[in-house]
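Inside the fold
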Amino acid sequence: MTTLTLRQEPPERLDFLNVNPLSLGGLSESEAARLPVGTSRRGLTLGDCFAIALDGSEDLVIEGGSSRLDRVGASLSGGTIRVVGDVGQRLGEGMKGGAVTVTGSAGPFAGSGATGGTITIAGDAGDHAGGAVYAAKAGLDGATLVIHGAAGDHLGDRMRRGLILVGAAGAYAGSRMIAGTIAAASLGDHPGYGMRRGTLLAGKVGALAPSFVETGTHDLVFLRLLARSLRPLSPSHADLAAGALTRYSGDLATLGKGELWVSAA
Amino acid sequence: MAELTLNGIPVIDTFAEAFDVAGTAIIITNDTAKWAMIAATTMTGFATSVIGCGAEAGIDCELSPEETPDGRPGVRVLLFGFEPNGLKDQLLKRVGQCILTCPGTACYAGVDGPTKIKLGGAIRYFGDGFAVAKKLPDPLTGKTRRYWRIPVMDGEFLCEDFVRAVDGAVGGGNLLFLGRNHAQTLRVAEIAVDAARTVAGAILPFPGGIVRSGSKVGARTKGMMASTNDAYCPTLKGRAGTELAADVGVVLEIVIDALTSQGVAESMRAALHAATEAGAAHGLVAVTAGNYGGNLGRHHYHLKDLLSKEPASEAGAA
């Protein structure tokens, strides 16, 4: 497996858009060391910050993360990236396939615009995880985003399709959601604010917007399919989908075809 | 024609002539096996002949909860038509009128194949704009499947976005049982049907799997596409062209459609062996098969190739 070992905390934010198993596959170690990753006029290269050991495999390990590592796994189309430590903003942005795993926490906008593959964050995620960056049409767009810890506010903002699993999320989860599914042990205030379509599933929620209406409890086939889909990723979220749930329909201030399922227990 | 025997019963050395058709399968689930079967039975009604009904359909098998996408009891239904567009039309009508309407029922694709047929994506318009689509990963295959959730009065009708039609489906495999009296010949045909249905991916679309009104192409009446198979009508014995010996009093036919040519051959083989094993005790005179001279359908299932219990080589080739 290819390994990049961080020498010390980077002196500036680093852009990893062009550092992935595919781009490193055809390079020698000296060529890889010259890849530009800096974001200032300092002109930092990969070799300035990392000890590089290439073997041409599709598995890349980044030993020693930092909250200054931005766009790790961005536009990834295959292979795996494992970061031992934290990462910065836009983890897996625009990703098309493969898998990115972070053992620490991620900054804001993780998974933004990702159309395929799986992003797993063992720690916490910042605001707008699975959300749209400024002026973008959509947030998460088909990929799977798993956050074992907590996510910040605006989780899945303008999410278009795909699946987000999270331990807990802050306020405005699923805001302006176009479609897709978010499952969480708990969501903060105003989940689904302005959502058009999509599904939110939560063990508990904060204050609901007045434009969500309760439709009661329903034994729908869809919930069986959802539970079966979630079980390989997270048995606890699958159990949530299989349990007693109260459904809220919204956001009726917009299209109103979204739904919020909250544990009735 | 030369005469063969199987289990002491004469088997006429001829062949069944069958046709390429468009075929698909869907899985119907419900909270109980009873209601899944009610939906499947309703959907496969009036589907005996593609000429008169637009499609031939039947129940392939019952499925346990472990075998269905949503973990509920299910039934796999096969549907055949002349070509994919006609099949689509029939599928939409039958799912729309018989599955959508049935309490608690959901509907999924039941076979993979090269031709897409939009199903939920067409039926969703019944939802009057309130239907929503949902893409979820299938834990069994890892692939994403798209479903439509259509609000109905008992909750939602969930239907997969599209199903697929297979290449290589064949319709019209058949056997004719020549017997002495009605009750005994019917029993032989029933035994043959039970055996034929053990082959996965094969159905027998006629009532109880059996047809008494075998047909020939054309008629003396102008404009008729098909008419009674007078050569096998016992009341027409003694006329020119009859194929029946003096001791034959009844002829019953089974017709087999399958998703593959091999499925037709194996289903015919199972039926032939079961019928001849029971035949001596039930007055079976002979077994034969129906064809149109070999000029209409490219699949020919020669009965001599079905006499062994196991296939020697692929049957049904042109």
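Predicted model, so just to flag it, every value in this text is computed and none were measured. The numbering scheme is per chain: residues are counted from 1 as the chain's sequence reads. Starting at A for chains and at 1 for ligands, labels are handed out in the order in which the entities are written. For this predicted model, a pLDDT threshold of at least 70 governs which residues receive local features, and a threshold of 80 or more governs which side-chain atom pairs are given and counted, while totals over whole chains, interfaces and linings are taken from all residues.

Considering the overall build of chain A
Only DSSP runs of H or I with at least four residues qualify as helices, and only runs of E with at least two residues qualify as strands; both kinds are numbered from the N terminus onward. When you go through chain A residue by residue, the secondary structure sums to five helices and 15 strands. The size measure is the radius of gyration over C-alpha atoms, and the globule rule it meets is 2.2 Å times the number of residues to the 0.38 power. The globule rule puts the C-alpha radius of gyration for 265 residues at 18 Å, and the 19 Å found for chain A is close to it. For chain A, the spread of C-alpha atoms along the principal axes amounts to about 65 × 35 × 25 Å. Residue burial here comes from a neighbour count, namely the number of other C-beta atoms, placed from the backbone, that lie within 10 Å of the residue's own C-beta, with 20 or more meaning buried, 12 or fewer meaning exposed, and in between meaning partly exposed. Classification of the 265 residues of chain A by burial places 55% in the buried group. Look at the contacts in chain A between residues 6 or more apart in sequence, and 39% of them connect residues 24 or more apart. Throughout, a residue-residue contact means that the two C-beta atoms, derived from backbone geometry, are no farther apart than 7 Å.

A few points about the pairing of strand β13 (residues 170–179) of chain B
Residues and elements named next belong to chain B. Counting buried positions along β13 gives 10 out of 10 residues, so the element sits mostly inside the fold. In terms of strand pairing, strand β3 (residues 15–20) meets β13 through two bridges, oriented antiparallel. Opposite Phe19, over in β13, you have Gly171 as the bridge partner. Two strands qualify as a pair provided DSSP detects at least 2 bridges between them. Sheet analysis places β13 next to strand β18 (residues 250–258), joined by nine bridges and oriented antiparallel. Its bridge partner lying in β18, Gly179 is registered against Val250. In this structure, β13 lies alongside strand β19 (residues 284–288), joined through four bridges in antiparallel fashion. Residue Leu178 lies in a different strand from β19, and its bridge partner there is Ala286.

Comments concerning the environment of Ser186(A)
Residue and element names in this part refer to chain A. Position of Ser186 among the secondary structure elements: in strand β11 (residues 181–187). Residue class for Ser186 comes out partly exposed when judged on the 19 C-beta atoms lying within 10 Å of it. Separated by 36 residues in the primary sequence, Ser186 and Ala150 have C-alpha atoms spaced 9.4 Å apart. With residues near it in sequence (within four places) discarded, Ser186 still touches Ala168, Ala202, Gly203 and Lys204.

Digging into the confidence of the model for chain B
What pLDDT conveys is the predictor's confidence in a given residue, as a value from 0 to 100. Per-residue confidence for chain B gives a mean pLDDT of 94; residues scoring 70 or more make up 97%. Both scores are given for the predicted complex: the pTM is 0.92, the ipTM 0.92.

With respect to the interface of chain A and chain B
Chain A puts 15 residues into the contact, and the matching count from chain B is 15 residues. With seven residues, helix α4 (residues 221–230) of chain A is the largest single contributor of residues to the side of chain A that touches chain B. Of the residues contributing to the side of chain A that touches chain B, the split by class is six nonpolar, two polar and seven charged. Three classes are used, and their members are as follows: Ala, Val, Leu, Ile, Met, Phe, Trp, Tyr, Cys and Pro are nonpolar, Asp, Glu, Lys and Arg are charged, and the others, Gly among them, are polar.

As for the pairing of β18(B)
All names here are of chain B. Most of β18 sits inside the fold, with nine of its nine residues counted as buried. By the alternation rule, side chains of β18 split into Val250, Leu252, Ile254, Ile256 and Ala258 and Val251, Glu253, Val255 and Asp257, which are all buried. Across two bridges, the pairing between strand β14 (residues 202–203) and β18 is antiparallel. Within β18, the position partnered with Ala202 by the bridge is Ala258.

Structural notes on helix α5 (residues 235–242) of chain A
Residue and element names in this part refer to chain A. Within the sequence span of α5, burial applies to His237, Ala238, Leu240 and Ala241. Along the axis of α5, the buried residues cluster in a sector spanning 155°; they form a single face. In this fold, the buried residues of α5 make contact with β10 (161–169), β11, β12 (199–205), α4 and β15 (258–263). The arc under discussion is defined with respect to the helix axis, by the directions toward the C-beta atoms.

Points about unusual backbone geometry
Backbone phi values are negative for most residues with the exception of glycine, while trans is the configuration of most peptide bonds. Residues and elements named next belong to chain A. The residue after Gly250, namely Asp251, is reached through a cis peptide bond having omega -10°. Examined against the element boundaries, Asp251 turns out to sit in the loop between β14 (245–250) and β15. In the Ramachandran plot, Arg158 falls in the positive-phi region, its phi being about 55° despite a non-glycine side chain. You can see Arg158 is positioned in the loop between β9 (141–151) and β10. Not every positive phi belongs to a glycine, and Arg176 is a case in point at roughly 55°. By secondary structure assignment, the location of Arg176 is in the loop between β10 and β11. The buried category is assigned to Arg176, around which 22 C-beta atoms lie within 10 Å.

Examining the packing of helix α1 (residues 33–43) of chain B against helix α3 (residues 84–99) of chain B
Residue and element names in this part refer to chain B. At their nearest, the axes of α1 and α3 sit 9 Å apart, and the two run at 140° to each other. By the angle between their directions, the pair α1 and α3 is classed as oblique. When you trace α1 past α3, the crossing you get is right-handed. The residues of α3 that touch α1, namely those facing Ala39, Thr42 and Met43, are Arg94, Val95, Cys98 and Ile99. Lines fitted to C-alpha atoms define the axes, with helix axes restricted to the stretch in contact, and inter-axis angles between N-to-C directions lie between 0 and 180 degrees. For classification, angles of less than 35 degrees are called roughly parallel, those exceeding 145 degrees roughly antiparallel, those between 65 and 115 degrees roughly perpendicular, and all remaining angles oblique. The crossing is said to be left-handed when, going from far helix to near helix, the turn is anticlockwise and less than a right angle, and right-handed when the turn is clockwise.

A few points about the environment of Thr14(B)
Assignment of secondary structure puts Thr14(B) in the loop between β2 (9–12) and β3. With 289 residues separating them in the primary sequence, Thr14(B) and Leu303(B) have C-alpha atoms 6.1 Å apart.

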